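Descriptive structure summary
These are the residues of each chain, in order.
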Amino acid sequence: MGAGLGGHKGVWGAWPWCLRTQPCSQAADIISTVEFNHTGELLATGDKGGRVVIFQREQESKNQPHRRGEYNVYSTFQSHEPEFDYLKSLEIEEKINKIRWLPQQNAAYFLLSTNDKTVKLWKVSERDKRPEGYNLKDEDGRLRDPSMITVLRVPVLRPMDLMVEATPRRVFANAHTYHINSISVNSDYETYMSADDLRINLWNFEITNQSFNIVDIKPANMEELTEVITAAEFHPHHCNTFVYSSSKGTIRLCDMRAAALHSSHFFEEPEDPSNRSFFSEIISSISDVKFSHSGRYIMTRDYLTVKVWDLNMENRPIETYQVHDYLRSKLCSLYENDCIFDKFECVWNGSDSVIMTGSYNNFFRMFDRNTKRDVTLEASRENSKPRAILKPRKVCVGGKRRKDEISVDSLDFSKKILHTAWHPSENIIAVAATNNLYIFQDKVN
């Protein structure tokens, strides 16, 4: 990686090993979301089988103080099960659509996970002691005969092997008619929102049987439906502000305060008539929206580009980055194989200076906002050997292909990086490539 990208004069090297939650090709093992917690010590993944796998960063070794800790499996649990809606005769799949961490308040960790219909609040805690010496139960947990109890014992706590338990503390159900695409924890840490195709609901963490509808774009006549909500997120610092994006390529910045309920800031870039085509509407649909950590900017991802918007300028983005513009000539075949409907996510690094998003052929892209440099890297088993350096990849559009380039016609569209995550304070990234999870770090010489 070029000097400066990522804030270090270094190169991106593979982690000493590549993490794989399940190294097999079953559909249930396909990773559907990736999320670091607020400290970066934990990394959670959700998959199509409804499972959540949490990785924990190992503490730095005293023998090797310069070696940063590696991530190992900390806990695995089944978050959601397949269900059936008998009223609508619809199957509700168990796939985890999103995971969001809550800031740690005590020894336990809390996270939200959601499938298409139900959001769950999970508590993940450690246990390394167990009680022994009950009066009414024996060591196996069976009830003792009261007539056999002759002495009163005081139970004691004995050390045991560390056990990580995941328990559901709240289940927020029956509030969404359509599929949930986003959940976002508010900066007050008392509320969160869940968004589906047509509505956004606001929840209190303590109340599971009631939510407040804060956005509803469902028309009275569904035949008049022209757009759907694609993503939503709370502002990182202002608990009254949130943003949501639509399939029309528009963004709305909303304020929940009573005095501002009927107003919102509307962000949209005018379309260039010369670029108008049959696919224009599809590729302009926003698949992800993210506030910067500073709260000053909004980043959006559509099919071909990543855009950065200033909250104070609604008429056009301040930055536009081409992710894979070489696919513009392939839109017809991408439409036929449904790839044009893929929903790519985007992430900021900890200082908001670098943007990362995925592409096809297991490529992912990084854009340095300061130097305007960009790089294409590949997540694959071949180049993720211990301490391997990731070499920049280039795609050849036409003409003579160089030795280190790959032809656009050779790209594998079944290998796609939709989900990525960036450590909140360090140059460590997690990249989900189908059913494999890769972790890379910036190597500093």
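Coordinates for the structure precede this section.
Residues numbered from 1 in each chain as written. Predicted model: local features only at pLDDT ≥ 70, side-chain atom pairs only at ≥ 80, totals over all residues. Heavy atoms only, no water.

Examining the overall build of the chain
- Secondary structure assignment for the chain yields two helices and 32 strands.
- Contacts in the chain between residues at least 24 apart in sequence constitute 54% of all its contacts with a sequence separation of at least 6.
- When the accessible surface of the chain is summed, it comes to about 22,700 Å², and 49% of that surface belongs to carbon and sulfur atoms. (Helix = DSSP H or I, 4+ residues; strand = E, 2+ residues; numbered from the N terminus. Contact = heavy atoms within 4.5 Å. Areas by Shrake-Rupley, 256 points an atom, 1.4 Å probe, with all protein chains shown as cover.)

Some thoughts on the sheet that holds strand S23 (residues 319-322)
- With respect to topology, four strands assemble into an open sheet ordered S20-S21-S22-S23, the strand pairing being antiparallel. Bordering the open sheet on either side are strand S20 (288-291) and S23, each of which pairs with just one other strand. The average undirected angle you get between the axes of adjacent strands in this sheet is 15°.
- Two strands pair when backbone bridges link them, and S20 and strand S21 (residues 297-301) are joined in this way by four bridges, in the antiparallel orientation. Across the sheet, the residue bridging to aspartate 288 is arginine 301, located in S21. (Pairing = 2+ DSSP bridges. Axes fitted to C-alpha atoms, helices over the stretch in contact; angles between N-to-C directions.)

Observations regarding the packing of aromatic side chains
- Summed over all chains, the structure comprises 22 aromatic pairs.
- Between phenylalanine 267 and tryptophan 309, the aromatic rings sit 6.0 Å apart at their centres with planes inclined by 80°, giving edge-to-face as the arrangement. With a gap of 42 residues between them, phenylalanine 267 in strand S19 (residues 264-267) and tryptophan 309 in strand S22 (residues 305-310) connect regions that are remote in the sequence.
- Classification of phenylalanine 267 by relative accessible area gives buried; the value is 0%.
- Cluster of aromatic residues (ring-pair linked, three or more members): Phe172, Tyr192, Trp203 and Phe205.
- Sitting above the plane of the tyrosine 134 ring, lysine 137 keeps its charged end 4.6 Å from the centroid.
- The aromatic ring of tyrosine 297 is capped on one face by arginine 369, whose charged end is 4.7 Å from the ring centroid. (Phe/Tyr/Trp six-rings, centres within 6.5 Å; stacked < 30°, edge-to-face > 60°. Buried < 20%, exposed > 50% of the residue type's maximum accessible area, 1.4 Å probe, protein only. Lys NZ or Arg CZ within 6 Å of the ring centre and 35° of its normal.)

Some words on the nonpolar core
- Counting 19 residues, the largest nonpolar core has Tyr303, Leu327, Leu334 and Leu411 as the members making the most contacts within it.
- With near-sequence residues (within four places) excluded, leucine 327 lies in contact with Leu304, Leu334, Tyr360, Val408, Leu411 and Phe413.
- Counting 16 residues, the second-largest nonpolar core is a separate cluster that includes Met366, Ile417, Ile429 and Val431. (Core = buried A, V, L, I, M, F, W, Y, C linked by side-chain atoms within 4.5 Å.)

So, the sheet that holds strand S18 (residues 251-255)
- Pairing within the open sheet is antiparallel, and its four strands lie in the order S16-S17-S18-S19. Each edge of the open sheet is held by one strand with a lone partner, namely strand S16 (229-234) and S19. Neighbour to neighbour, the strand axes of the sheet diverge by 20° on average, direction disregarded.
- Judged from the four bridges that link them, S18 and S19 form a sheet pairing that is antiparallel. When the bridges of S19 are listed, arginine 252 appears paired with phenylalanine 266.

So, the pattern of salt bridges
- Under the counting rule described, the total for this entry stands at 21 salt bridges.
- Sharing partners across several salt bridges, the network here consists of Asp29, Asp47 and Arg51. (Salt bridge = Lys/Arg side-chain N within 4 Å of Asp/Glu carboxyl O.)

Quick word on the side chain of asparagine 349
- Secondary-structure assignment places asparagine 349 in the loop between strand S24 (346-348) and strand S25 (354-358).
- A relative accessible area of 3% means that asparagine 349 is categorised as buried.
- Excluding residues that lie within four positions of it along the chain, asparagine 349 makes contacts with His293, Val354 and Trp422.

Examining a nonpolar patch on the surface
- Where nonpolar side chains cluster on the molecular surface, the patch consists of Phe278, Tyr335 and Phe341 and spans about 330 Å² of accessible area.
- For phenylalanine 341, the location among the structural elements is in the loop between helix H2 (331-336) and S24. (Patch = residues over 30% accessible without salt bridge, like charges linked within 9 Å, V, L, I, M, F, W, Y side chains within 5 Å.)

Considerations on the pairing of strand S8 (residues 98-101)
- Going residue by residue along S8, you find Lys98 and Arg100 tucked away on one face and Ile99 and Trp101 tucked away on the opposite face as well.
- For S8 and strand S9 (residues 109-114), the ladder comprises four bridges, and the chain directions are antiparallel. Within the sheet, the bridge partner assigned to tryptophan 101 lies in S9 and is leucine 111.

Overview of unusual backbone geometry
- One non-glycine residue, asparagine 174, lies in the positive phi region at around 60°.
- Mapped onto the fold, asparagine 174 is located in the loop between strand S11 (156-172) and strand S12 (180-185).
- Judged by its relative accessible area of 82%, asparagine 174 is exposed.
- Of note, the phi angle at aspartate 352 is positive, near 65°, even though the residue is not glycine.
- Inspection of the secondary structure puts aspartate 352 in the loop between S24 and S25.
- Of the residues examined, aspartate 352 reaches a relative accessible area of 8% and is grouped as buried.

Read these as geometric descriptors, not functional statements.
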